[in-house]
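Here are the chains, one letter per residue:
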Amino acid sequence: MTSVIDIASWPLWDLDVGAWALLGALLVVVAQHGGTAGIHAAMGRDGLIDHRRSEWLGAVRGTVMLVALMGPVLVIWAVDAFSSAERLDVYLHANQALAAVYVPITVIAFTAFVLARVTPWQVRSNLNSVVLGTLELLRPWLAAAGMVAAAIVTRDATVAVIGALGVAAGLLVGPATRRRWYSRPVRLDDLGESPPSEP
Amino acid sequence: MPTATEPLEVLDVLWESDPESGERLPVRKADALERLAASGQHKAVRLVERIPASADGTLDSVAVDEIFLAVHLELARLSEFVRVPQRMASSLRPVVDRLREESDGPVRVIDVGCGLGFDTRVMCSTGALGPGVEYVGLDFNALLIEAAKRLAHAESIPVRFVHGDALDPSLAIDDPDRTLMISSGVLHHIGRDDLPDFFARHGEIAVAGFAHFDPCPGFWTDAGAWMLHRTRMREPISRHDGALSMRRALRGEELLALARAGLADGYALECHDVATWYPQPDQIVRPIVGWRR
């Protein structure tokens, strides 16, 4: 058993490129979730046609909230995963199961998102509603499906518990971001200054 | 206004204006609750029960303002997501082109019941209907008009927003021959009983044409609306009213009959329902178009 304090002894450093790539892909998926949840929390409050600024701010806030909520789960994960090479191996199997569920969905969402921005408005309307809207509706179930897949593949109770905590923390990012930064009702003054009266 | 037995949207019972002056009138909470209870809308009753009231029993105007802004801001965002302004522009462009061919001068597009004016602001800022088009938004709700003015000012979009009766010719119509009346999501609010009069007013003013967009009822419209309101809207009243508005929408044939009842043969009318056996979010609203003969 390795010491969690002794970073140099972590089995993480012995991982091959494939395992690192998988870990990186999952981190991208998780970070994307935080940004998206933040954008959703921010949307529908400025009324402007161009709201890239508020969306960026929402994405940053969602990511911050994601780190705050998932940070403790990550620490618990690290303590268990880095305790031995055997435990890390269990988590690598879990990662494969998570990636099998999350990565294709993220690729579909990302492709639809990009296509929606380069295609005519009719295609964008359909992609937004049919693909992105449906994925958004299914988001909690898809998140849970990844966790269940990881638990089934590893047959490990700790993985299941940490996975459940991670999914719960992830799903709380949107509501927590709204509660922290976007709970105040919008008032007229938030929409800009009143224009000068017409002559 | 809808009759007492027709389902009401929550926003319908939260705002009252003097029909003559357009001035906002206080709304008694008990009256609002009674109207919803009379149509058996218990969920809507619960939503209104949460709104604070003053000691005299009238709904707190600040709370109502916040609800109106929240719902319409979310609605604007949903409109953007489904590309409603682009949908409207694609149908309006040939109508505006035809007006241009008939005579010289600017074409005025008047958005009736414009709310926050999102659709007109998008069409104006993107030049979606081409050059020489003036945009005016009208609404009976002074709060929404003030918000629309501020939003247009913030992005320097030259749309004029006016508070008042949208079909009062003195407010925005200079030249009926060059005027096109439009709306989005307004017809189902007016309701069956009042739609013939609404259309008849177009004939009295003798505007060159109109194109009023409303959801096309059907399974996919209901299902899509439910999904989009679940995922894109957070205000419980937005979700309630959004889903209900789809169910209140009228079929094309019925709209045409009501328009004919008001306009007789004064206008050539068109309204095509979209196919309902597969989802078409880009056609979530479709227009009834009228041309003065």
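Check the entry above for the structure.
Keep in mind that this is a model prediction, so the values were computed, not measured.

The rules behind each value
- Residues numbered from 1 in each chain as written.
- Chains lettered and ligands numbered in written order.
- Predicted model: local features only at pLDDT ≥ 70, side-chain atom pairs only at ≥ 80, totals over all residues.
- Heavy atoms only, no water.
- Helix = DSSP H or I, 4+ residues; strand = E, 2+ residues; numbered from the N terminus.
- Buried < 20%, exposed > 50% of the residue type's maximum accessible area, 1.4 Å probe, protein only.
- Contact = heavy atoms within 4.5 Å.
- Areas by Shrake-Rupley, 256 points an atom, 1.4 Å probe, with all protein chains shown as cover.
- Pairing = 2+ DSSP bridges.
- Expected span 1.5 Å × (residues − 1).
- Bend = angle between axes of the 7 residues up to and from the residue.
- Lys, Arg positive; Asp, Glu negative; His and termini not counted.
- Salt bridge = Lys/Arg side-chain N within 4 Å of Asp/Glu carboxyl O.
- Axes fitted to C-alpha atoms, helices over the stretch in contact; angles between N-to-C directions.
- Parallel < 35°, antiparallel > 145°, perpendicular 65-115°, else oblique.
- Left-handed = near helix turned anticlockwise from the far one by under 90°.
- Nonpolar A, V, L, I, M, F, W, Y, C, P; charged D, E, K, R; others polar.

Let's shift gears to the overall build of chain B. Of the regular secondary structure elements, chain B holds 13 helices and nine strands. Dimensions along the principal axes, computed over C-alpha positions, put chain B at roughly 60 × 40 × 35 Å. Going through the 293 residues of chain B one by one, you find that 58% of them count as buried. Contacts in chain B between residues far apart in sequence, at least 24 positions, make up 76% of those at least 6 positions apart. Taken as a whole, chain B presents about 12000 Å² of accessible surface, with 52% of it coming from carbon and sulfur.

Turning next to the pairing of strand β9 (residues 285-292) of chain B. Residues and elements named next belong to chain B. For β9, a buried count of seven out of eight residues is recorded, marking the element as mostly surrounded by other parts of the structure. Where strand β8 (residues 267-271) and β9 come together, five bridges link them in antiparallel fashion. Looking across to β9, one finds that Cys271 is bridged to Ile288.

Attention now moves to helix α5 (residues 84-102) of chain B. Residues and elements named next belong to chain B. A rise of 1.5 Å per residue sets the reference length of α5, with its 19 residues, at 27 Å; its end C-alpha atoms lie 28 Å apart and thus fit the reference within 8%. Leu92 marks where α5 bends most, by close to 35 degrees; the proline Pro94 follows one to four residues later. All of the buried residues along α5 are Val84, Pro85, Arg87, Met88, Ala89, Ser91, Leu92, Val95, Val96 and Leu99.

Moving on to the side chain of Asp241 of chain B. Residues and elements named next belong to chain B. If you trace the backbone, Asp241 turns up in helix α12 (residues 236-248). The buried charged residue Asp241 lacks any salt bridge, with Arg248 as its nearest oppositely charged partner at 7.0 Å. The residues contacting Asp241, other than those within four sequence positions of it, are Glu9, Val10 and Leu11.

Before going further, it helps to spend a moment on the pairing of strand β7 (residues 209-215) of chain B. All names here are of chain B. With respect to burial, β7 is a largely interior element, seven of its seven residues being buried. Where strand β6 (residues 179-184) meets β7, five bridges bridge the pair, whose relative direction is parallel. The partner of Met181 across the bridge, within β7, is Phe210.

Turning next to the packing of α5 of chain B against helix α6 (residues 118-126) of chain B. Residue and element names in this part refer to chain B. Between α5 and α6, the shortest axis-to-axis distance is 9 Å and the interhelical angle comes to 65 degrees. What the angle tells us is that α5 and α6 run roughly perpendicular. Crossing angle aside, the handedness with which α5 passes α6 is right-handed. Residue-level inspection shows Val84, Pro85, Gln86, Met88, Ala89 and Leu92 of α5 in contact with α6, the latter providing Phe118, Asp119, Val122 and Met123. Tallied by class, residues from the contact of α5 with α6 come to eight nonpolar, one polar and one charged.

Residue and element names in this part refer to chain B. In this model, helix α13 (residues 252-263) (twelve residues) spans 16 Å end to end at C-alpha, consistent with the 16 Å of a helix rising 1.5 Å per residue. On its buried face, α13 sits against α9 (187-190), α10 (195-205), β7, β8 and β9. Where α13 ends, the next residue or the one after it, Ala264, has phi of about 50 degrees, a positive value.

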